[in-house]
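Analysis of the macromolecular model
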Amino acid sequence: MSGEDEIAAQVINAKTAAEAKKGGAGRNGKAQRKRSRFFPFKVDAGQIWREVESEGQDGETKKRWVAFGSELRILARTRTVDSEDHGRLLEVVDRDGIAHHWAMPAALFAGSGESIRAELLRLGWEPVPGAGRKWRDWLMEYLISADPEDCARCVPSIGWHGSAYVFPDQTISADASAERVILQSVERLDHALNLSGRLEEWRNEVAARALGNSRLLLAISAAFAAPLLALKGEDGGGFHFRGGSSTGKSTVLAVAGSVWGGGGVRGYVQSWRATDNALEALAALHKDACLCLDELSQVEPKAAGAAAYMLGNGVGKARAGREGQARKSHEWRLIFLSNGEMGLSDKIREAGGRIAAGMEVRVIDLRADAGAGLGLFEDLHGVPDAAIFAQSLKAAAGRTYGTAAREFLKHVVADLARMRDGIDALRKDFTVKAVPSNADGQVRRVADRFALVAAAGELASALGITGWPEGVAAEAAMRCFRDWLAERGGVGSSEVADAQARIRRAVEVDGHSRFLPWRYDPRTVVRTNAIGYVQRGDEEQPDAPPVFFLHASGVAELLAGLDRNAVLAGLADEGVIVRHEVTQKGQKITALSKPFKVPSEKTAVRLYQLNYAALMGEDGVVDD
């Protein structure tokens, strides 16, 4: 052998030895390190057995098998993609022959083992009475010493993990050769992602009766849209259905929730009444899914805005650990549906606050009443009364649930690239039809959220999940978007609309008390909190509309909390503020304010002139 060949052989041998020394399991999920470990256990005849040694009368050591528990198999070792949070995937077969799976964190071995035994007993595992008290020690020895060949990736939350979607009891993946992915948590998750009935039953009893009802169609489509957010890399948000009692608000949440799950007293629907920490945990439990929250009135006004923003933002509060280090915050991405007798902005206003424009985009406030005289409904499908229809629909959603989302995700994961392309095409078609060319950016963002919901509904219909005809979901989303747009007051900026509403209110409420007369009047009461001037009709023109002017401090008071310069420019574009041509440094320019010679004042006053007709609307009429 030449020197080069010898060196090459030594390099190959060194690499082989290095690979053999590597611990853990490879990416293929199979253990790459084999260790001979004493393992005196077996599973046979529906029981766990331990090999026991004893000394006979003749002094010889004898071995025998002793059963100490019902069937419990260790299927795989678990760990995260970073090879942390190790554990065991266990299978418990109860007396009825039903197999229960539990991804047990190895961290539980640090305790007395009581929590492990409690969970196994809850799942149906039973100790053999004849084993005495030894079964506790043997059980822990069995779990700790087991070294299964298979490995699985554990994840701490439901939702998307790579190209797989993880439920508490099921992982949906298109790659059969990929390593198994399972949900693993220290504590048992109290979730509502349950299954009942068949998809055909849900389609006929729930989805079919949503036809002809724009709000129901929108809510179901929004439930399907939740897992699509991650595919497009978009932030979450919500829809809030606002209206009086007995309008069907709770029904729309029950129907949408049945897409994902149900069971129990409340079904899939959760309550707004929760602490910040509980709401964070609830959001994390609905990662990449739909969260339904009932009755906004149950949350404190001061906390309403922060809670809604947190849900849409997708991250909980930052917290410190015992040693002061930063702890990992809860994270999620979801679509939430909410209801209440008042909107989010009204709730925030209860505490003296004002809703930000960004909040209005994240949480879309929609009137629950569809305008057909039936509350939230428009088509009762032959039922004589809206209340009876609502009750029957909620009952159906309580019988069959959870199958639609899982069947939908099976199709989505099967061809993620094609699904993304299809969603893009459907959204583009919707926004082209829905958004005028002069629409504000906020309107475009809301329209895009409606477009995603429309695309999800159409996709679910094309896949045969809902049974709806083509175009129905998009038509319902378009109807709801136009209702939102009409109630908003147009396609302009919401800050500009808010500013116009504030100024209009000042004119209507304080037109006589906080606006000084343009001309001097000795009968005028001294005003110390004036915000401007008003020029009213005289003897020559008694019916002339009043002309209102605001001075700088009045503008600052009325537009507090808004981007003043941007809002003033927007009001001028709407014609509410009159632009004037002024001379500045020898050049004529257009300005929003200018000095006026007010007859009642000795010096000129810089003022903003209001267009009364534009401020009050097209008719310009104000009640006396």
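The structure presented is a predicted model; accordingly, all values stated were derived computationally and were not measured.

Now for the overall build of the protein. Assigned secondary structure in the protein consists of 20 helices and 25 strands. Taken along the three principal axes of its C-alpha coordinates, the protein extends 130 × 80 × 50 Å. The buried share among the 624 residues of the protein stands at 46%. Partitioning the contacts of the protein with sequence separation of at least 6, the portion at a separation of at least 24 is 67%. Charged side chains of the protein number 80 positive and 83 negative; the gap between the two group centres comes to 4 Å.

It is worth spelling out the nonpolar core at this point. F224, W260 and L337 are the most contacted members of the largest nonpolar core, which has 93 residues in total. Contact partners of L337, with chain neighbours within four places excluded, come to A219, A222, F239, F241, L253, A256, C290, L291, C292 and L293.

Here we take up the sheet that holds strand β2 (residues 47-55). Taken together, three strands build an open sheet; the order of strands is β1-β2-β3 and the sheet is antiparallel. Bordering the open sheet on either side are β1 (41-44) and β3 (61-70), each of which pairs with just one other strand. Here the strands of the sheet are splayed against their neighbours by 35 degrees on average, with no regard to which way each runs. Here nine bridges tie β2 to β3, and the two strands are oriented antiparallel to one another. From the neighbouring strand, I48 faces β3, where its bridge partner is G69.

So, about the pattern of salt bridges. Applying the stated rule across the entire model yields 29 salt bridges. Across the salt bridge formed by E487 and R242, the nearest N and O atoms sit 2.7 Å from each other. Separated by 245 residues along the polypeptide, E487 in helix α16 (residues 472-488) and R242 in strand β12 (residues 237-242) bring together distant segments of the chain. You can call E487 partly exposed: its relative accessible area is 36%.

With respect to topology, five strands assemble into an open sheet ordered β13-β14-β17-β12-β18, the strand pairing being parallel. In this open sheet, the two edge strands, each paired with only one partner strand, are β13 (270-271) and β18 (363-367). Relative to strand β17 (residues 335-340), strand β14 (residues 290-294) runs parallel, the two being bridged by four bridges. Within β17, the position partnered with L293 by the bridge is S338. Here helix α9 (residues 301-313) sits on the sheet in contact with β12, β14, β17 and β18, set at roughly 155 degrees to β17.

A few words on the pairing of strand β20 (residues 532-535). Walk down a regular strand and you will see the side chains alternate between the two sheet faces. Where strand β19 (residues 515-517) lies against β20, three bridges are found, and the strand directions are parallel. The residue of β20 that forms the bridge with L516 is Y533. Two elements, β20 and strand β21 (residues 547-551), share four bridges in a ladder whose sense is antiparallel. Within the sheet, the bridge partner assigned to G532 lies in β21 and is L550.

Taken as a whole and assessed by the stated rule, the structure comprises one cavity of 30 Å³ or more. Taken as a whole, the largest cavity encloses approximately 40 Å³ of empty space.

At S246, a position not held by glycine, the phi torsion is positive, near 60 degrees. Position of S246 relative to the elements: it lies in the loop between β12 and α7 (249-257). Phi at H381 is positive, roughly 55 degrees, even though this residue is not glycine. Turning to its location among the elements, H381 is positioned in the loop between β18 and α12 (386-399). Residue classification places H381 among the partly exposed positions, given a relative accessible area of 35%.

What follows is about the packing of aromatic side chains. This model, assessed by the stated rule, comprises 23 aromatic pairs. Ring centres 5.9 Å apart and planes at 25 degrees place the aromatic pair F481 and W484 in the stacked group. Taken as a pair, F481 and W484 lie in helix α16 at a separation of three residues, close to a single helical turn. Looking at W484, the relative accessible area reads 9%, which means it is buried. On the basis of an interplanar angle of 90 degrees and a centroid distance of 6.4 Å, the ring pair of W518 and Y533 is categorised as edge-to-face. Here Y533 lies in strand β20 and W518 lies in the loop between β19 and β20, a separation of 15 residues in the sequence.

The subject of this paragraph is the packing of helix α5 (residues 214-225) against helix α15 (residues 441-462). Packing of α5 against α15 leaves a shortest axis separation of 7 Å and a crossing angle of 90 degrees. If you check the angle between α5 and α15, you find them roughly perpendicular. Between α5, through L218, S221, A222, F224 and A225, and α15, the contact on the second element is made entirely by F450, L452, V453, A456, G457 and A460.

For the rest of this paragraph, the subject is the pairing of β1. Examined bridge by bridge, β1 and β2 share four bridges and lie antiparallel to one another. Note that in β2 the partner of V43 across the bridge is I48. Counted between consecutive antiparallel strands, the loop separating β1 from β2 contains two residues, among which A45 sits at a positive phi close to 55 degrees.

Time to look at the state of the cysteines. Using the criterion set out here, one finds zero disulfides in the structure. The thiol of C151 is unpaired, and the distance to the nearest cysteine sulfur, on C154, comes to 11 Å. Overall, the relative accessible area of 6% leaves C151 in the buried class. Between C292, a free cysteine, and C290, which holds the nearest cysteine sulfur, the sulfur-to-sulfur gap is 4.1 Å. Taking relative accessible area as the criterion, C292 reaches 0% and is therefore assigned buried.

Counting buried positions along α7 yields eight of nine residues, so the element is predominantly enclosed. Listed in full, the buried residues belonging to α7 are K249, T251, V252, L253, A254, V255, A256 and G257. Packed against the buried residues of α7 are α4 (199-210), α5, β12, β14, β17 and α12.

Procedures and definitions
Residues numbered from 1 in each chain as written. Predicted model: local features only at pLDDT ≥ 70, side-chain atom pairs only at ≥ 80, totals over all residues. Heavy atoms only, no water. Helix = DSSP H or I, 4+ residues; strand = E, 2+ residues; numbered from the N terminus. Buried < 20%, exposed > 50% of the residue type's maximum accessible area, 1.4 Å probe, protein only. Contact = heavy atoms within 4.5 Å. Lys, Arg positive; Asp, Glu negative; His and termini not counted. Charge placed at Lys NZ, Arg CZ, Asp CG, Glu CD. Core = buried A, V, L, I, M, F, W, Y, C linked by side-chain atoms within 4.5 Å. Pairing = 2+ DSSP bridges. Axes fitted to C-alpha atoms, helices over the stretch in contact; angles between N-to-C directions. Salt bridge = Lys/Arg side-chain N within 4 Å of Asp/Glu carboxyl O. 1 Å grid on protein atoms, 1.4 Å probe; cavity = no way out; pocket = protein on both sides within 12 Å on 5 of 7 lines; lining within 4 Å. Points joined across faces, edges and corners; volume = space filled by probe spheres on them. Phe/Tyr/Trp six-rings, centres within 6.5 Å; stacked < 30°, edge-to-face > 60°. Parallel < 35°, antiparallel > 145°, perpendicular 65-115°, else oblique. Disulfide = S-S within 2.5 Å.

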